Amino acid sequence: MLRKLTLILFLIASVCIKAQAQSDNTQYVDPFIGTADYSATHPGAVVPHGMMAVVPFNVTGSELNRYDKDTRWWSTPYDIRNKYSVGFAHGALSGVGCPEMGAIITMATTGAMQADATLRGSTYSDEVAKPGYYATTYEQFNVRAEATATDRASVERYTFNEGGEANIIIDLGTALSNESGAMLRQVSATEVEGMRLLGTFCYTNQAVFPVYFVARISQPATKVRYWKRQPEMTGVEAAWSGDSDQYKIYESYSREIMGDDIGTIFSLGEVEPGTEVEVRVGISYVSIENARRNLEAEVGTKSFDEVRSEAHAKWREALGRIRVEGGSEDDHTIFYTALYHSLLHPNIVSDVNGEYPAMESGATGLATGYERYTVFSLWDTYRNVHQLLTLVYPEVQSDMVRTMVDMSKEWGWLPRWELYGRETFTMEGDPAIPVIVDSYLKGIRDFDVEAAYAAMKRSATTPGKDNPIRRDIDPYIERGYIPVGIFAQDMSGDNSVSHALEYYVADNALATFAREMGDEEFAREMERRASGWRNYYSVKDGAMRPIDKSGEFVGDFDPAAGANFSNTIGFHEGSSWNYTFFVPHDIEGLIKTMGGSKRFVERLKWVFDNGHYDPTNEPDIAYPYLFSRVKGYEYLTQEWVKRLLDENYTTAPDGLPGNDDTGTMSTWAVFSMMGIYPDCPGEPYYTITTPRFSSVEIDTDHGTIVITTEGEGDHIRRNGVELGGKLINRFRISHDELIEAKKLNLKLY
């Protein structure tokens, strides 16, 4: 009996262990996916929505690097095709199209000290990247370099395999950011503190901000030195200085040092083979003291392995909220890596004491009872990332909504593309409105609703000269459209059609919110505005066309112009074909305007068949799902989603279609592989397509949603959609229907 009981307990334990192993979805994540072909992701150590990201920096210093930040436009600190590293950067962006951050470089070396990155960097090998962990070996020094992270701090472990004269480098001159200026101060033989100025993201040269840090070395240095690159001098001045345009080494100075290209070298003396040295770094965007608090609170006396284990646990929990069965091994890798990328931004900016850099004021704010967030790349993420967070991670989305509303209290406006308390005004539209409205309609309401509504109305009604979010709003209000020549934001030129189409989506969402607030008159006005897209539709061209100041369509129009990120009048980062169907809030009206369902489908299909759909950017990201808005053509959605996944998402380093845009392109894959997609920002609906898996379980605040398939095939039967056990004769469902039914079963053929 005892032996039988023991066997039963053993079998139960084995099942539990197996279940736990199966639920650890970190095993499927490959952070090297997206590190080539301009996807601009990185393989660094980071936790979900972490302020800290420890990223290998390999885009400068050697001709071995094919992609060098100083010789071309380059927006990521790492590219897998490069060969030469100068160390780890602390704080980085994922998937963006403009260079920024990637500063506070640390590296371990051996031998004579070197300040010049072209001399002290190294080729590297044996890279390993997992959620919360990165490692490589610096070949020149035979040093194994490992990194892990907490929310606001990091730990690096350097193993000097051959021993020798060991050094730890901290470089404040090298960075991905185009901004310059830094300060360093030696605290002790094991600690240094300082700050680095960052900013100028995407042509906004006034949107600068500081990052503060504290770095601690586990082994006392025998000597600590500064360096500074001296300016080029001429004549007598050059003769006096002796170091014109050279790196000056400060052998006996230990107070503060400032400059554009400065750093410090901790010389550790001779170390034995196998010696391990840890470097612990805390960062803050408020103060050096807060960086120290963050480091002590989150790392303290923990070992490298303890911090790595905690980082792994955070990722395991986050990725474990969605569980899939079926599909191929590659499908699992693509899906969970995409989910991983979806959970990097926005990221925390508040410190452990709640302090954060207030929006556009230079003041320090205090977040009480919630985390403050930053990196709101909303023109990208308002289309799907925030819908994913609302569905699966509502506690995170709630804090993000509170953050956006508080930003409006601090500087008067909701953000468009915010970066560490600075509005960069990148891209166009008023995307915070649909994000907040979508969250509200799905039950996230623990924010200042009245303040949110006031901020929305402010941006929708304030004249352009006083409206930083909608500079070209005046003709939009007066005429219902924006003619060319009114406003050009950056080197892309006139983007009038793109601007207006984005405003229509925002105002449609605002109309919904106004009605929720009981403001019926304003709701009707916003609905009227949101229908203004019809002004741009040219029946002759079957496409959206720019309008001149006289109210006529511009001449010499080519609806294909603007493809591949080239500039064209009226459109931003796309052609007219990429924008013509971007009326997600009024597809029924677009169908009618185009001449009916058949003509709509023919024109949409023509866009795909003739290569005018761009899977690398956001304007047409929901196009594949529009076929399902016409009864009988849902199969085209299913076919195109499958084809786009097959062609654009792989397990290779170039396995993402273009810039990941802080997770937006990855989130398209997450939703598409689950079989549902949020088809209109600000409207709580999903279009159904064929899942990549036989079963998908999604943990939500309302219980677990289960999406399953029956049969084999790539298509869903017309009468094959069961919601909550009941057949429904449609392929579009509301958020409320999904969370109430909890069961979506799809019959395939």
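Please read all numbers here as calculations on a predicted model, not as lab measurements.

A. Spatial organisation of the overall build of the protein chain. Along its length, the protein chain carries 20 helices and 36 strands. Over its C-alpha trace the protein chain gives a radius of gyration of 27 Å, about what one expects of a compact globule, namely 27 Å for 749 residues. When the backbone C-alpha atoms are referred to their principal axes, the protein chain occupies close to 90 × 80 × 45 Å. Element-wise, carbon and sulfur atoms account for 48% of the exposed surface of the protein chain, whose accessible area totals about 27,000 Å². Separation between the mean location of the 71 positive side-chain charges and that of the 107 negative ones in the protein chain comes to 4 Å.

B. Inspection of the state of the cysteines at higher detail. Inspection of every chain in the model, using the stated rule, returns 1 disulfide. The residue that forms a disulfide with C98 is C202, at a sulfur-sulfur distance of 1.8 Å. Residues C98 and C202 are joined by a disulfide whose S-S torsion is about 100°; by sign, that bridge is right-handed. With C98 in the loop between β4 (88-90) and β5 (105-110) and C202 in the loop between β12 (191-199) and β13 (208-217), this residue pair connects regions lying 104 residues apart in the sequence. Note on accessibility: C98 and C202 belong to one class, buried.

C. The sheet that holds β12, seen in detail. Within the open sheet, the 10 strands sit side by side as β3-β6-β7-β8-β9-β18-β13-β12-β11-β16. Their pairing is antiparallel. Edge positions in the sheet fall to β3 (84-85) and β16 (257-259), since each has one partner strand and no second. Alignment of strand β6 (residues 122-130) against strand β7 (residues 133-138), held across 5 bridges, turns out to be antiparallel. Bridging across to β7, S125 finds its partner in T137. Relative to β13, helix α4 (residues 288-298) is tilted by about 50°, and along the sheet it contacts β9 (153-160), β11 (182-188), β12, β13 and β18 (275-284).

D. Representation of the packing of helix α13 (residues 496-516) against helix α14 (residues 520-530) in the model. At a minimum axis distance of 8 Å, the contact between α13 and α14 shows a crossing angle of 160°. Put simply, α13 runs roughly antiparallel to α14. When the axes of α13 and α14 are compared, the crossing they make is left-handed. Every residue of α14 that contacts α13 at Y504, D507, N508, L510, A511, A514 and R515 is listed here: E520, F522, A523, R524, M526, E527, R529 and A530.

E. Just the side chain of S350, in detail. Mapped onto the elements of the fold, S350 is located in the loop between β20 (347-348) and β21 (355-357). A polar side-chain atom of S350 sits 3.0 Å from the main-chain amide nitrogen of R372.

F. Molecular detail of the packing of helix α17 (residues 597-609) against helix α18 (residues 634-648). It is the contact of α17 with α18, at a shortest axis distance of 13 Å, that shows an interaxial angle of 15°. Considering the angle they form, α17 stands roughly parallel to α18. The hand of the α17/α18 crossing is left-handed. Of the residues in α18, those touching α17 at V601, K605, F608 and D609 are L636, W640 and L644.

G. Inspection of the nonpolar core at higher detail. Membership of the largest hydrophobic core comes to 211 residues, with the highest contact counts inside it found for Y158, I168, F213, M544 and F600. Of the residues forming this core, the biggest block, 12 residues, is contributed by α13. Of all hydrophobic cores here, the second largest spans 14 residues; its members include V155, L295, V299 and F304.

H. Structural context of the packing of aromatic side chains. Following the criterion strictly, the structure yields 38 aromatic pairs and no others. Relative to F513, the ring of Y453 lies with its centre 5.9 Å away and its plane at 70°, an arrangement referred to as edge-to-face. Of this pair, Y453 sits in helix α11 (residues 449-461) while F513 sits in helix α13, and the two are 60 residues apart along the sequence. There is no split in this pair, since Y453 and F513 are both buried. Taken together, a centroid distance of 6.4 Å and an interplanar angle of 40° make the contact between F671 and Y686 tilted. Taken as a pair, F671 in helix α19 (residues 664-674) and Y686 in strand β30 (residues 685-688) lie far apart in primary sequence, 15 residues in all. Comparing F671 with Y686, the two get one shared label, buried. In textbook terms, an aromatic cluster arises when at least three aromatic residues are bridged by ring pairs, as seen for F581, F600, F608, Y613, Y623, F627 and W640. Above the ring of F522, the side-chain terminus of K457 is found at 4.7 Å from the ring centroid. A cation over an aromatic ring shows up here: R603 above the ring of W606, its NZ or CZ 5.4 Å from the ring centre.

I. Region of interest: the pattern of salt bridges. Scanning all chains against the criterion turns up 50 salt bridges. Between E588 and R629 there is a salt bridge; the shortest N-O distance is 3.0 Å. With E588 in helix α16 (residues 587-593) and R629 in the loop between α17 and α18, this residue pair connects regions lying 41 residues apart in the sequence. Among the residues examined, R629 registers a relative accessible area of 19% and is labelled buried. For the salt bridge of D609 with K605, the shortest nitrogen-to-oxygen distance reads 2.8 Å. Taken together, the residues D609 and K605, both in helix α17 and 4 residues apart, mark about one turn of the helix. Using a relative accessible area of 33% as the deciding quantity, one classes K605 as partly exposed.

J. Quick look at the pairing of strand β2 (residues 53-56). Side chains A53 and V55 project from β2 onto one buried face, and the interleaved V54 and P56 project onto a second face that is buried too. By the bridge criterion, 2 bridges tie strand β1 (residues 45-46) to β2 in an arrangement that is antiparallel. Pairing of A45 across the sheet is with V54, part of β2. Here β1 hands over to β2 after 6 residues, with H49 in that stretch at a positive phi of 60°. The sheet contact formed by β2 and β4 spans 3 bridges and is antiparallel. Each residue of the ladder has a partner; that of P56, found in β4, is F88.

What counts, and at which threshold
- Residues numbered from 1 in each chain as written.
- Predicted model: local features only at pLDDT ≥ 70, side-chain atom pairs only at ≥ 80, totals over all residues.
- Heavy atoms only, no water.
- Helix = DSSP H or I, 4+ residues; strand = E, 2+ residues; numbered from the N terminus.
- Rg over C-alpha atoms; globule rule 2.2 N^0.38 Å.
- Areas by Shrake-Rupley, 256 points an atom, 1.4 Å probe, with all protein chains shown as cover.
- Lys, Arg positive; Asp, Glu negative; His and termini not counted.
- Charge placed at Lys NZ, Arg CZ, Asp CG, Glu CD.
- Disulfide = S-S within 2.5 Å.
- Buried < 20%, exposed > 50% of the residue type's maximum accessible area, 1.4 Å probe, protein only.
- Pairing = 2+ DSSP bridges.
- Contact = heavy atoms within 4.5 Å.
- Axes fitted to C-alpha atoms, helices over the stretch in contact; angles between N-to-C directions.
- Parallel < 35°, antiparallel > 145°, perpendicular 65-115°, else oblique.
- Left-handed = near helix turned anticlockwise from the far one by under 90°.
- Polar contact = N/O pair within 3.5 Å; in protein donor to acceptor, adjacent residues only side chain to side chain.
- Core = buried A, V, L, I, M, F, W, Y, C linked by side-chain atoms within 4.5 Å.
- Phe/Tyr/Trp six-rings, centres within 6.5 Å; stacked < 30°, edge-to-face > 60°.
- Lys NZ or Arg CZ within 6 Å of the ring centre and 35° of its normal.
- Salt bridge = Lys/Arg side-chain N within 4 Å of Asp/Glu carboxyl O.

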